[in-house]
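# Examination of the molecular architecture
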Amino acid sequence: MEMRVLWLFLFAGSVAQEDMDRNVFLFSTPSKTDYVVLNPEVTEPLHNLTFCLRSYTDQMNQALLTTGTPQSQKRNMFVIFQSPTDYIQTSPYFYTSIYINNTLVSIKTKAVVLDWIHRCVTWDSNTGVLQLWVNGKVFPRRVLQKGFSIDLGEGISLGQMQKDDWSPTPPFQGEISDVHMWNEVLPPETIWQVLLNNRYINGNVISWRSLNYTIIGDVTVQPKLQCRYGNEPRSLHSQCSMD
């Protein structure tokens, strides 16, 4: 019996709960078998949300997160990914695309390649209003899936995107950090503090500083390239050292 429990644990992956403030998840290769499942503190369906994360990659076409796991039956309840506006690698423009209940919005955004990108998505089920923030800049609002609720019972998977089957196109390669989720729409001044990594503001659904997660496959926890956050977006990563 003890051996069976051990094998189940090894098969499930590396399970942990810890303060990740000084760390990142490193996805070294784009593989559909490599991802991180986040286990939320709040499991009832969400009617409002704010989701924030920071990512660092040299690839423009990347899956960031999806609700559920490979065994999930429901698809595209809540998904975030980025894709190029064209395939010229030097272009500073890309699409941040968001699914809610199989409805897709793609928002043209701009950021410096080979710099950390901080994204926050807010959504209010009562009105259907969705907002995207990229490095502190808010983009024009969209409206979708008014009255829907998002089920987090099977967790959120980082680094993957569900489509018709578990065959992401493509999986994430790079680093992800500072993942937070709330069951409310945060006001702009609070989102700004999240961007500046204010350690007193933490998600009540998912908190990077008290993260319950399971690593599946070849994803590693590495020290964060720690930066002194300034008052302007351009200075966020200008003074960095290994913490």
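Residues numbered from 1 in each chain as written. Predicted model: local features only at pLDDT ≥ 70, side-chain atom pairs only at ≥ 80, totals over all residues. Heavy atoms only, no water.

Going by what an unreviewed UniProt entry lists, the chain is known as Pentraxin family member and is assigned to Xenopus tropicalis. UniProt lists a comment for the chain under the heading Sequence similarities (unreviewed entry), and it reads "Belongs to the pentraxin family." (UniProt positions renumbered as here; feature names shortened; annotations may be inferred.)

To continue, consider the overall build of the chain. If you tally the helices and strands in the chain, you get 2 helices and 18 strands. Considering only contacts within the chain whose residues lie at least 6 apart along the sequence, 68% involve residues at least 24 apart. Of the accessible surface of the chain, which amounts to about 11700 Å², a share of 52% is contributed by carbon and sulfur atoms. (Helix = DSSP H or I, 4+ residues; strand = E, 2+ residues; numbered from the N terminus. Contact = heavy atoms within 4.5 Å. Areas by Shrake-Rupley, 256 points an atom, 1.4 Å probe, with all protein chains shown as cover.)

For the structure on display, the rule yields 1 disulfide. With a sulfur-sulfur separation of 2.0 Å, Cys52 is cross-linked through a disulfide to Cys120. Its S-S torsion of about 115 degrees marks the bond between Cys52 and Cys120 as right-handed, since a negative value means left-handed. Separated by 68 residues along the polypeptide, Cys52 in strand S4 (residues 48-56) and Cys120 in strand S9 (residues 117-124) bring together distant segments of the chain. (Disulfide = S-S within 2.5 Å.)

What follows concerns the packing of aromatic side chains. Evaluated as defined, the whole model comprises 6 aromatic pairs. Between Phe25 and Tyr213, the ring centres sit 5.1 Å apart and the planes meet at 75 degrees, which makes this aromatic pair edge-to-face. Linking Phe25 in strand S2 (residues 23-27) with Tyr213 in strand S15 (residues 211-216), this pair joins segments that are 188 residues apart in sequence. Under the relative-accessibility criterion, Phe25 is labelled buried at 0%. In this structure Tyr213 comes out as buried when scored by relative accessible area, which is 3%. Between Tyr56 and Trp116 the ring centres are 5.2 Å apart and the planes differ by 20 degrees, which places this aromatic pair in the stacked class. Of this pair, Tyr56 sits in strand S4 while Trp116 sits in the loop between strand S8 (103-110) and S9, placing them 60 residues apart in sequence. Taking the relative accessible area as the measure of exposure, Trp116 reaches 8% and is therefore buried. (Phe/Tyr/Trp six-rings, centres within 6.5 Å; stacked < 30°, edge-to-face > 60°. Buried < 20%, exposed > 50% of the residue type's maximum accessible area, 1.4 Å probe, protein only.)

Let us look at helix H2 (residues 188-195). Of all the residues in H2, the buried ones are Thr190, Ile191, Val194 and Leu195. One face of H2 carries all of its buried residues, which in axial projection span an arc of 150 degrees. Tucked inside the fold, the buried residues of H2 contact S4, S9, strand S10 (129-134) and strand S14 (174-182). Just beyond H2, the residue with positive phi is Asn197, at close to 65 degrees. (Arc of directions from axis to C-beta.)

Under the counting rule described, the total for this entry stands at 5 salt bridges. Note that Arg209 and Asp21 form a salt bridge whose closest N and O atoms lie 3.2 Å from each other. Placement of Arg209 in the loop between H2 and S15 and of Asp21 in the loop between strand S1 (14-18) and S2 is noted, with a sequence separation of 188 residues between them. Accessibility assignment for this pair places Arg209 and Asp21 in one class, buried. Several salt bridges share partner residues, and in doing so they unite Asp19, Asp21, Arg199 and Arg209 into one network. (Salt bridge = Lys/Arg side-chain N within 4 Å of Asp/Glu carboxyl O.)

Grouped together as the largest cluster of nonpolar side chains are 47 residues, with contacts concentrated most on Phe25, Phe51 and Phe78. Core analysis: the next-biggest nonpolar cluster, separate from the first, contains 7 residues, Cys52, Cys120, Leu186 and Val194 among them. (Core = buried A, V, L, I, M, F, W, Y, C linked by side-chain atoms within 4.5 Å.)

Next up on the list: the environment of Leu195. As for its position among the elements, Leu195 is in helix H2. Separated by 78 residues in sequence, Leu195 and Ile117 have C-alpha atoms that sit 9.9 Å apart.

Turning our attention to the environment of Arg141. Here Arg141 shows up in the loop between strand S11 (137-138) and strand S12 (142-143). As for Arg141 and Gly128, which are separated by 13 residues in sequence, their C-alpha atoms are 10.0 Å apart. Sequence-distant contacts of Arg141, defined by excluding residues within four places in its chain, comprise Val129, Leu130 and Gln131.

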